[in-house]
2 protein chains.
Amino acid sequence: MSQHPELGLDHQLCFSLYRASRAVIRAYRPLLKGLGLTYPQYLVMIVLWQENEGLSVKQIGARLGLDSGTLTPLLRRLEASGHITRSRDDADERRAVITLTDAGRALQDDAASIPGELNRMYAACDVDAGDLKTQLDVLGEFLPSA
Amino acid sequence: MSQHPELGLDHQLCFSLYRASRAVIRAYRPLLKGLGLTYPQYLVMIVLWQENEGLSVKQIGARLGLDSGTLTPLLRRLEASGHITRSRDDADERRAVITLTDAGRALQDDAASIPGELNRMYAACDVDAGDLKTQLDVLGEFLPSA
DNA sequence: ACCAATCTAATTGCTCACAATCTAATTGTG
DNA sequence: CACAATTAGATTGTGAGCAATTAGATTGGT
C-alpha cells in the first residue's frame, strides 16, 4: 500500500487527460484511415484548409504548438502522399512555403462529415463537448511550460 | 476561406484535448527530470508504488491502456536506470514479473510533492481539476475504439 | 560594407504509441 | 496423452513529439 495516497492514478487529472486524449485519437483513426491521414496530419490539413495562401512551417507550428522537429518529417510525408507541395519563399529563402495540392484541397469534402461523427460519440458518452473544451483551452494556452 | 466552417481547429474538442494533454505533460517534464523519469515512466512507477507485489506487463498495461509494444522497451529502460527488476514467474514462464528495486521504492518520497505542484498550477489557471477529470474519465473509458 | 545577432528550417537522437507478427508457454478438449 | 486454441510477452516497422544542434538567410548597428 502506498504511503502517499495522493500519488495514485485515480487522484490525478494528468492521467485522465493523457488517457482521454489517446482515446479520442483512437476514435478518429478508423475515420481518417479512409482519407490516408494520421491524426496529426489531419490537424495540419485543417490548418491549411482554413487558408488560401501557403503557410510557413513556423505558422503551422504556431497554430498547433508543434516545432519543426515534428513538422518537417510530417510535412515530408504529406508531400509524399500528394496532399501538399513544399517550396521556398522567393523573398526569404529561409521560409518554406507549404501549399495544398488540388487533391489535398479536395480531401476537405471527404473530411466534412468527421466532426459530426465525433460529436455523436461525445453525445453518446453524455459529455458536454463545449464546456469541456473551454476548460481544456485554458490548460493548453496558459499552463506554464517551464 | 473554408467551405466547411465546422472543420476548424477552434470548433473541435479533439484539438483542445490533444493540446492540453501535451501541455500538462510539458508541465511535468521539469519536475520529473529531477527523478530521472519521463512522463510515461512516471505513470508506470505510480502503478508499481500502489502495489506490494510484482506486477506482470499485462497488469500494468491494463491500468494504463498500453500494450507490450510500448511497455517492453519502456520497462527495459526503467530496469537500466535501476528503478525496477524484470524476471519470470516460476509458475508461468510466459509472465514477466516487474518488481521495484529499493531505489525505485525510495523514489516515491521524492515524487510525493509533484501532485500538489500540479494542483497549484491548475488552480492558478482557474481550472476545476475534479470536475474536468470526471468528464475526461468518461471519454477515456467509454469512447468506442473501433 | 562589415560583421555580429537573429531567424527559419532541417537534422539528430531519444522516447513513446500502436498495429502486426512471432515465439514460447499453458490450457482445454477429445 | 495429444494437439489445437489461447495467452503473455517480445519484436518489427511506422509515425509522432521534443530537446539540442546545425546550416543558411536576413537584419541591424556601426
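Since we're looking at a predicted model, the values are computed, not measured. (Residues numbered from 1 in each chain as written. Chains lettered and ligands numbered in written order. Predicted model: local features only at pLDDT ≥ 70, side-chain atom pairs only at ≥ 80, totals over all residues. Heavy atoms only, no water.)

Moving on to the protein's contact with DNA strand C. Around DNA strand C sit 29 residues in total, of which Tyr-18, Ser-56, Ser-68 and Arg-76 of chain A together with Thr-38 of chain B are the nearest. Sugar plus phosphate: this is where 77% of the atoms of DNA strand C within 4 Å of the protein reside. Ser-56 of chain A has a polar side-chain atom sitting 3.4 Å from a phosphate oxygen of DNA strand C. Listing elements by their share of the surface near DNA strand C, those giving two or more residues are helix H1 (13-33), helix H3 (57-64), helix H4 (68-80) and strand E1 (84-88) of chain A together with helix H2 (39-49) and helix H4 (68-80) of chain B. Looking at the surface near DNA strand C, its residues break down into six nonpolar, nine polar and 14 charged. (Near = heavy atom within 4 Å. Polar contact = N/O pair within 3.5 Å; in protein donor to acceptor, adjacent residues only side chain to side chain. Helix = DSSP H or I, 4+ residues; strand = E, 2+ residues; numbered from the N terminus. Nonpolar A, V, L, I, M, F, W, Y, C, P; charged D, E, K, R; others polar.)

This next bit is on the pairing of strand E2 (residues 96-100) of chain B. One face of the sheet, then the other: side chains in a regular strand alternate in exactly this way. Residues and elements named next belong to chain B. Most of E2 is tucked away: four of the five residues are buried. Across five bridges, the pairing between strand E1 (residues 84-88) and E2 is antiparallel. In the strand pairing of E2, Arg-86 is matched with Ile-98. (Buried < 20%, exposed > 50% of the residue type's maximum accessible area, 1.4 Å probe, protein only. Pairing = 2+ DSSP bridges.)

Our next topic: unusual backbone geometry. Within the chain, Asp-126 of chain A stands out as a residue other than glycine whose phi angle is a positive 60°. The class for Asp-126 of chain A is exposed, based on a relative accessible area of 74%.

Taken as a whole, this structure holds 10 aromatic pairs over all chains when the rule is applied. On the basis of an interplanar angle of 40° and a centroid distance of 6.4 Å, the ring pair of Tyr-39 of chain A and Tyr-42 of chain A is categorised as tilted. Linking Tyr-39 of chain A with Tyr-42 of chain A, this pair stays in helix H2 (residues 39-49), spanning three residues, or about one helical turn. The burial state of Tyr-39 of chain A is the same as that of Tyr-42 of chain A; both residues are buried. Summarising the aromatic geometry, the rings of Tyr-28 of chain B and Tyr-42 of chain B are spaced 5.6 Å apart at their centres and angled 40° between planes, so their arrangement reads as tilted. Residue Tyr-28 of chain B is located in helix H1 (residues 13-33), and its partner Tyr-42 of chain B is located in helix H2; the two are separated by 14 residues in the primary sequence. Of the two residues, Tyr-28 of chain B and Tyr-42 of chain B, neither departs from the other in class, the shared state being buried. (Phe/Tyr/Trp six-rings, centres within 6.5 Å; stacked < 30°, edge-to-face > 60°.)

Between chain B and chain A, the contact holds 66 residues from the first and 66 residues from the second. Buried surface at the junction of chain B and chain A, summed over both partners, amounts to about 6,200 Å²; 65% is from carbon and sulfur atoms. Its largest share of buried area at the contact with chain A, chain B owes to Leu-7, Leu-13 and Tyr-18 of chain B, together 11% of the area lost on that side. Linking Glu-141 of chain A and Arg-19 of chain B is a salt bridge whose minimum nitrogen-to-oxygen distance equals 3.5 Å. (Contact = heavy atoms within 4.5 Å. Buried area = accessible area lost by both parts, 1.4 Å probe. Salt bridge = Lys/Arg side-chain N within 4 Å of Asp/Glu carboxyl O.)

With that out of the way, let us pick up the UniProt feature "domain: HTH marR-type" (unreviewed entry) in chain A. If you check UniProt for "domain: HTH marR-type" (unreviewed entry), the listed places come out as residues 10-144 of chain A in our numbering. For the annotated span residues 10-144 of chain A, helix accounts for 65% and strand for 7% of the residues, and the straight-line distance between the end C-alpha atoms is 24 Å. (UniProt positions renumbered as here; feature names shortened; annotations may be inferred.)

For the rest of this paragraph, the subject is helix H5 (residues 102-111) of chain B. Residue and element names in this part refer to chain B. Of all the positions in H5, only Gly-104, Leu-107, Gln-108 and Ala-111 are classed as buried. Looking down the long axis of H5, one finds its buried residues gathered within 115° of arc, a one-sided arrangement. Seen from the buried face of H5, the exposed residues on the opposite side, beyond 90 degrees, are Asp-102 and Asp-109. (Arc of directions from axis to C-beta.)

Residues and elements named next belong to chain B. Using the criterion set out here, one finds one cavity of 30 Å³ or more in the structure. Size it by volume and the largest cavity reaches roughly 50 Å³. Here the lining of the largest cavity takes four residues from helix H6 (residues 114-124), the largest share from any one element. The residue makeup of the lining of the largest cavity, split by class, is five nonpolar, three polar and no charged. (1 Å grid on protein atoms, 1.4 Å probe; cavity = no way out; pocket = protein on both sides within 12 Å on 5 of 7 lines; lining within 4 Å. Points joined across faces, edges and corners; volume = space filled by probe spheres on them.)

Residue and element names in this part refer to chain A. Relative to the assigned elements, Asp-89 resides in the loop between E1 and strand E2 (96-100). One polar contact links the side chain of Asp-89 to the main-chain amide nitrogen of Ala-91, over a distance of 2.8 Å. Not counting residues up to four positions away in its chain, the partners in contact with Asp-89 are Arg-95 and Val-97.

Another aspect to go through is the pattern of salt bridges. According to the stated counting rule, one finds 18 salt bridges over all chains in the structure shown. Put simply, Asp-137 of chain A and Lys-133 of chain A hold a salt bridge, and the shortest N to O gap is 2.7 Å. Of the two residues, Asp-137 of chain A and Lys-133 of chain A are both situated in helix H7 (residues 129-142); the distance of four residues between them amounts to about one turn of the helix. Lys-133 of chain A carries the same exposure label as Asp-137 of chain A, and that label is buried. Salt bridges sharing partners connect three or more residues here, namely Arg-19 of chain A together with Lys-133, Asp-137 and Glu-141 of chain B.

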